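# Results of the structural survey
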Amino acid sequence: KCAKCGSNMVILQSYKYKKDGSRTIWAYLKCSQYRRGGYELCVNHAPIEYKEFRQTIINRLIELSNSMTFDFESQHEKLLASRAKALENSLDQLEQRKKNLLDLYLDQLIDKTEFEQKRHEIEQEILRTKEKLEGISVRESAEKQVKNIYGAFEALKNQDQDLHHVFSTLIERIDIHQDGSVDIKYHFENISSRSLR
């Protein structure tokens, strides 16, 4: 993504013919907004060749995998347990709001129409929260995530293959700044790592 406007970065190609008739092709990244509307919509980023950018990301991931010592499984179990706890708290708050709404109606501070409308909204929110809570299976989700992450790091060993799946498994978002620096947010950690080109 473009750090300036949040739009996707797209791969553009340009080429130059040599004297022998062959041509040299360059694939580089540009902000899609800048490509469509120029400086009115965004900024012109420093030239970033796609091959160089891809290799930088691969190198950063390999470096990260070599330096990681924390336990993925316990990290994800904690994360999912914390999400479940937040949903339980939210459910308790919604049940309390439902009781408070009934008190307002019984004290005649709101009329029947408003009471029924608000009660319906709260009940829908309770239903959605319960569905989310039921959907969280701490053990299975953690194990699946761990396998995906370990598998993705293993796949980095073969850099000649298409690594799109690896990148999407490990990386939540990459923001590219005008000067060519990048911010990387990973799926498995709550960190952003800035690395200059």
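Further up the page is the structure itself.
Parameters and conventions
- Residues numbered from 1 in each chain as written.
- Predicted model: local features only at pLDDT ≥ 70, side-chain atom pairs only at ≥ 80, totals over all residues.
- Heavy atoms only, no water.
- Pairing = 2+ DSSP bridges.
- Helix = DSSP H or I, 4+ residues; strand = E, 2+ residues; numbered from the N terminus.
- Core = buried A, V, L, I, M, F, W, Y, C linked by side-chain atoms within 4.5 Å.
- Buried < 20%, exposed > 50% of the residue type's maximum accessible area, 1.4 Å probe, protein only.
- Contact = heavy atoms within 4.5 Å.
- Salt bridge = Lys/Arg side-chain N within 4 Å of Asp/Glu carboxyl O.
- Phe/Tyr/Trp six-rings, centres within 6.5 Å; stacked < 30°, edge-to-face > 60°.
- Patch = residues over 30% accessible without salt bridge, like charges linked within 9 Å, V, L, I, M, F, W, Y side chains within 5 Å.
- Areas by Shrake-Rupley, 256 points an atom, 1.4 Å probe, with all protein chains shown as cover.

Read from one edge to the other, the open sheet built from three strands follows the order E1-E2-E3, with strand pairing classed as antiparallel. Sheet topology places strand E1 (9–17) and strand E3 (48–49) at the edges, where each strand pairs with a single neighbour. Bridging between E1 and strand E2 (residues 23–31) involves nine bridges; their strand directions are antiparallel. Paired with Ser-14 across the two strands is Trp-26, which belongs to E2.

Bringing the nonpolar core into the picture now. Among the nonpolar cores identified, the biggest contains 28 residues, and Leu-170 and Ile-171 are the most heavily contacted of them. Elements represented by at least two residues in this core include exactly E2, helix H2 (50–67), helix H5 (138–155), helix H6 (164–170), strand E4 (171–176) and strand E5 (182–186). At five residues, the largest contribution of residues to this core is made by H2. Discounting residues that sit within four places of it in the chain, Ile-171 has contacts with Ile-57, Leu-61, Ile-184, Lys-185, Tyr-186 and His-187. The next biggest cluster of nonpolar side chains, apart from the first, holds seven residues, and it includes Leu-101, Phe-115, Ile-122 and Ile-126.

It is worth spelling out the pattern of salt bridges at this point. Opposite charge on two side chains makes pairing possible when the charged atoms of those side chains draw close. For the structure shown, the criterion picks out four salt bridges. Two residues, Glu-123 and Lys-98, come together in a salt bridge whose shortest N-O distance is 3.4 Å. Remark: Lys-98 occurs in helix H3 (residues 72–106) and Glu-123 occurs in helix H4 (residues 112–135); sequence separation between them is 25 residues. Look at Glu-123 and you get partly exposed, because its relative accessible area is 32%. Salt-bridge contacts for Arg-173 lead to Asp-175; the nearest nitrogen and oxygen are separated by 2.7 Å. Judged by its relative accessible area of 17%, Asp-175 is buried.

Let us look at the side chain of Thr-129. Here Thr-129 lies in helix H4. If we ignore the near neighbours within four places in the chain, the residues touching Thr-129 are Leu-87, Ser-90, Leu-91 and Leu-94.

Turning our eyes to something else, we now look at the environment of Arg-119. Among the secondary structure elements, Arg-119 is positioned in helix H4. Placed 20 residues apart in sequence, Arg-119 and Lys-99 show a C-alpha to C-alpha distance of 9.6 Å.

Next up on the list: the packing of aromatic side chains. Per the stated rule, a full pass over the model turns up two aromatic pairs. Taking the centre distance of 5.2 Å and the plane angle of 75 degrees together, the rings of Tyr-34 and Tyr-39 count as edge-to-face. Ring centres of Tyr-105 and Phe-115 lie 4.6 Å apart, and the angle between their planes is 15 degrees; on these two criteria the pair is classed as stacked. Note that Tyr-105 is positioned in helix H3 and Phe-115 in helix H4, a separation of 10 residues in sequence. A relative accessible area of 28% means that Tyr-105 is categorised as partly exposed.

On the surface, Tyr-15, Tyr-17 and Ile-25 cluster together into a nonpolar patch covering about 350 Å² of accessible area. You can see Tyr-15 is positioned in strand E1.

The next thing to look at is unusual backbone geometry. Although it is not a glycine, Gln-108 sits at a positive phi angle of roughly 60 degrees. Locating Gln-108 in the fold gives a position in the loop between H3 and H4.

Two elements, E4 and E5, share five bridges in a ladder whose sense is antiparallel. Across the sheet, residue Ile-176 finds its bridge partner in E5, namely Val-182.

Counting through the fold element by element, Ile-62 comes out in helix H2. Considering only alpha carbons, one finds Ile-62 and Lys-157, 95 residues apart in sequence, at a separation of 8.6 Å. Setting aside residues up to four positions removed in sequence, Ile-62 forms contacts with Leu-156 and Gln-159.

These figures capture arrangement, not role.
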